[in-house]
Amino acid sequence: MTVKTRFAPSPTGMLHIGGARTALFSWLYARHFGGEFVLRIEDTDKERSTDEATQVILDGMKWLGLDWDGEPIFQGARQDKHIAAVNQLLDEGKAYKCYCSKEKLDTMREKQRIEGKKAMYDGTCRNLTDAPAQSERSPFVVRFKSPENGETWVKDLVLGDVCFPNEELDDLIIQRTDGTPTYNLAVVVDDADMGITHVVRGSDHLNNTPRQIQMYEALGLNVPQFAHIPLIHGADGAKMSKRHGSIAITEYREKGYLPHAVNNYLARLGWSHGDDEVFSQAQLIEYFDLAHVGASPSRFDQDKLDWLNAHWIKASNPEDLVDEVNYFLKIDTTNGADLVDVIPALQERSKNIIELADGARMFYVAPTEYQEKAVKKNFKEGTWALLDTFMSKAEAEDWSGEAAHQWIADICEAEGVNMGKLAQPIRILIAGVPVSPPIDVTLGLLGKEETLKRIKTGIAALKG
Ligand code: GLU
């Protein structure tokens, strides 16, 4: 059997960290087994679905590298199949039309509440032989005839075996009065039709699963395996919300997170592999299994995510950071040092990609102003003479970062001052601020022509 999983988000709200983790687990499971992973956008709720939310799903998944097989499937486009299944159930007497009005259902619920019973449909229309007279009936919904006795077991790969007594499951609506099929019906038809072998989803869907199993059976379809992933809670143990950093997944990019750092973090949020914390993407695929997904909710830990982000910024190949750095740089880098050569100078010192991009900018854009405070502190009487000596040396000799560093050291030694007396003014003139990677690396990357040009322009500006 080839494993086939799916991610089936509803574009009614933004894809956030919890949804992204569900997508990741589902994707990892398929990739681990060399199987298939499909993306199905469940846009059946036309009123609440938005294009913006759909875009966040597509962008977020692409950003995280959770590639899906084939084209994304839009559930709304499959309505004919859903309706055919409803009709099949009606024809076979496994579903029925229910004409109960809203008022009637409200009264039913109120009575159950007073009697201390669970609110559920009482089956009024279940055994109707004829439709009520036109005058007495409301537009109908279609309900699934749920078995009245026995129990339905969910053999969950994460939560274990969960038993649902059938008497607690009422006859679920599978088609609304406007003719549109409901989620529980559509999801069964689609998962079966697409040959999904493993349904990996949030544990908030666990209560739907026995109903779905009953429908698979009623429709004569194979029941897939289920894996319900416990939810993510905030650091305070409460359900994850905006306050806890539950923002659209694409916002993590805006905040300078590396997609792999997010994946690594999310993988460990609920899944474990011994005491390991750091995993490459290849290792995640190799090690991931559902057996080691914990059954209790996980807590979101911002510090750990930040730590992994800094870790992966240091540990990644510079080539793998180029796209993310460019996302923030948004400038032409063709006339300066190669970005893959600039990145290593900044990896150690950057906590996030925004910092890295900010540090890289000076290699492509000359300063237009010079930080006043730094100029005041670092430009003294003797500074101009030191710079002159440096310039005549630099203009005459062959250039390299190491050589330039040595000239600075020699000049300062001859004058009996520390290196900062010349290195800091040079930094300010080439970067506008007294911060840059080590001076040899910085000057090497900037090159002779650009360094000398910036120093000259800077001196003229400051003297003027
Ligand atoms: N569309 C459902 C949701 O976004 C998920 C359905 C499923 O995974 O079965 O909550």
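The rules behind each value
- Residues numbered from 1 in each chain as written.
- Predicted model: local features only at pLDDT ≥ 70, side-chain atom pairs only at ≥ 80, totals over all residues.
- Heavy atoms only, no water.
- Helix = DSSP H or I, 4+ residues; strand = E, 2+ residues; numbered from the N terminus.
- Rg over C-alpha atoms; globule rule 2.2 N^0.38 Å.
- Buried < 20%, exposed > 50% of the residue type's maximum accessible area, 1.4 Å probe, protein only.
- Contact = heavy atoms within 4.5 Å.
- Areas by Shrake-Rupley, 256 points an atom, 1.4 Å probe, with all protein chains shown as cover.
- Expected span 1.5 Å × (residues − 1).
- Arc of directions from axis to C-beta.
- Patch = residues over 30% accessible without salt bridge, like charges linked within 9 Å, V, L, I, M, F, W, Y side chains within 5 Å.
- Salt bridge = Lys/Arg side-chain N within 4 Å of Asp/Glu carboxyl O.
- Lys, Arg positive; Asp, Glu negative; His and termini not counted.
- Charge placed at Lys NZ, Arg CZ, Asp CG, Glu CD.
- Pairing = 2+ DSSP bridges.
- Right-handed = clockwise from strand over helix to strand, strands pointing away.
- 1 Å grid on protein atoms, 1.4 Å probe; cavity = no way out; pocket = protein on both sides within 12 Å on 5 of 7 lines; lining within 4 Å.
- Points joined across faces, edges and corners; volume = space filled by probe spheres on them.
- Nonpolar A, V, L, I, M, F, W, Y, C, P; charged D, E, K, R; others polar.
- Near = heavy atom within 4 Å.
- Polar contact = N/O pair within 3.5 Å; in protein donor to acceptor, adjacent residues only side chain to side chain.
- Sits in = over half its atoms within 2 Å of the grid points.
- Axes fitted to C-alpha atoms, helices over the stretch in contact; angles between N-to-C directions.
- Parallel < 35°, antiparallel > 145°, perpendicular 65-115°, else oblique.
- Left-handed = near helix turned anticlockwise from the far one by under 90°.

Colleague: Is there a simple way to think about the overall build of the chain in this case?
Modeller: Regarding its fold elements, the chain presents 19 helices and 12 strands. Here the C-alpha radius of gyration of the chain, 32 Å, is well above what a compact globule of 464 residues would show, namely 23 Å. Projected onto the principal axes, the alpha-carbon positions of the chain cover approximately 105 × 45 × 40 Å. For the chain, the residues scored as buried account for 50% of the 464 residues in total. Restricting to contacts in the chain with at least 6 residues of sequence separation, those with at least 24 account for 75%. Here the chain has roughly 22600 Å² of accessible surface; of this, 49% comes from carbon and sulfur atoms.

Colleague: I keep staring at helix α4 (residues 102-114) and nothing clicks. Help me out?
Modeller: Every α-helix winds through 3.6 residues per turn, so residues three or four apart in the chain are directed the same way. Under the 1.5 Å per step criterion, the end-to-end length of α4 is 18 Å for 13 residues, consistent within 8% with the ideal 18 Å. By the burial criterion, the buried members of α4 are Leu105, Met108 and Gln112. Burial along α4 is one-sided: seen end-on, the buried residues are contained in an arc of 60 degrees. Exposed residues on α4 whose side chains face more than 90 degrees from its buried face are Lys102, Glu103, Thr107, Lys111, Arg113 and Ile114. Where α4 is buried, its residues contact β5 (141-144). Looking one or two residues past α4, Gly116 carries a phi angle of roughly 70 degrees, positive in sign.

Colleague: I'm lost on a positive patch on the surface in this one. Help?
Modeller: A cluster of basic residues, Lys373, Lys377, Lys380 and Lys421, forms a positive patch on the protein surface. For Lys380, a relative accessible area of 48% corresponds to the partly exposed category.

Colleague: Would you mind showing me how to read the pattern of salt bridges here?
Modeller: Where charged atoms from two side chains of opposite charge approach closely, those side chains can pair. Here the structure, examined in full by the defined rule, presents 30 salt bridges. For Arg6, the salt bridge identified is with Asp191, shortest N-O distance 2.8 Å. Remark: Asp191 occurs in helix α5 (residues 183-193) and Arg6 occurs in strand β1 (residues 4-7); sequence separation between them is 185 residues. A salt bridge links Asp106 to Lys102, with the nearest nitrogen and oxygen atoms 3.0 Å apart. Of this pair, Asp106 and Lys102 both sit in helix α4, 4 residues apart, which is roughly one turn of that helix. Take Asp106: its relative accessible area is 33%, and that puts it in the partly exposed class. Lys102 sits in the exposed class, given a relative accessible area of 59%. Among the charged side chains, a salt-bridge network with shared partners connects Arg6, Arg40, Glu42, Arg78, Lys81, Asp190, Asp191 and Asp193.

Colleague: Can you walk me through the environment of Asn309 in this structure?
Modeller: By the secondary structure assignment, Asn309 is in helix α10 (residues 302-315). Each C-alpha atom, one on Asn309 and one on Gln406, is 35 Å from the other, the two residues being 97 residues apart in sequence.

Colleague: Just checking my understanding: could you explain the pairing of strand β2 (residues 36-41) for this structure?
Modeller: Two faces, one strand: in a regular strand the side chains alternate between the faces of the sheet. Of all 6 residues making up β2, 5 are buried, and the element is well covered by its neighbours. Pairing geometry for β1 and β2, over 4 bridges, is parallel. In the strand pairing of β2, Thr5 is matched with Phe37. Taking the sense of rotation as the criterion, the β-α-β connection linking β1, helix α1 (residues 17-32) and β2 turns out right-handed. Relative to strand β3 (residues 73-74), β2 is paired through 2 bridges, and the arrangement is parallel. The partner of Arg40 across the bridge, within β3, is Ile73. Crossover handedness for the path β2 to helix α2 (residues 51-64) to β3: right-handed.

Colleague: Any chance you could explain the layout of surface pockets here in plain terms?
Modeller: Where empty space is left in the structure can be found by rolling a water-sized probe over the atoms. Size it by volume and the largest pocket reaches roughly 980 Å³. As for the largest pocket, its lining consists of 39 residues, of which Ser10, His16, Gly19, Asp204 and His205 are closest to the centre. Of all the secondary structure elements, the ones that give two or more residues to the lining of the largest pocket are β1, α1, α5 and β9 (198-202). Element by element, the count of residues in the lining of the largest pocket is highest for α1, at 5 residues. Split by residue class, the lining of the largest pocket holds 15 nonpolar, 15 polar and 9 charged. Considering only enclosed or pocket space, the second largest pocket measures out at about 320 Å³ in volume. Taken together, 15 residues form the lining of the second largest pocket, with Leu258, Pro259, His260, Gln281 and Asp320 sitting closest to its centre. Of all the elements in the fold, those that place two or more residues in the lining of the second largest pocket are α2 and α8 (259-268). Residue composition of the lining of the second largest pocket, grouped by class: 6 nonpolar, 6 polar and 3 charged.

Colleague: For this particular structure, what's the right way to read the site of the ligand?
Modeller: The environment of the ligand is formed by Arg6, Ala8, Pro9, Ser10, Glu42, Tyr183, Val187, Arg201 and His205. At 2.8 Å from a nitrogen atom of the ligand is found a side-chain nitrogen or oxygen belonging to Ser10. One of the side-chain nitrogen or oxygen atoms of Arg201 is found 2.7 Å away from an oxygen atom of the ligand. When the ligand is considered free in solution it has 300 Å² of accessible area, and contact with the protein chains removes 81% of it. If you map the ligand onto the pockets, it falls in the largest pocket. Here the residues of the shell around the ligand are counted per class, giving 4 nonpolar, 2 polar and 3 charged.

Colleague: Looking at this model, I keep getting lost on the packing of helix α15 (residues 383-396) against helix α19 (residues 448-463). Mind explaining?
Modeller: The description of two packed helices rests on the angle between their axes and on the distance between the axes. Across the interface, α15 lies against α19 with an axial gap of 11 Å and an inter-helix angle of 155 degrees. Classified by the angle between their axes, α15 and α19 sit roughly antiparallel to one another. Note that α15 runs across α19; the crossing there is left-handed. Across the interface between the two elements, Trp384, Leu387, Phe390, Met391, Ala394 and Glu395 of α15 pack against Lys448, Leu452, Ile455, Lys456, Ile459, Leu462 and Lys463 of α19. Per-class residue counts for the contact of α15 with α19 are 9 nonpolar, no polar and 4 charged.

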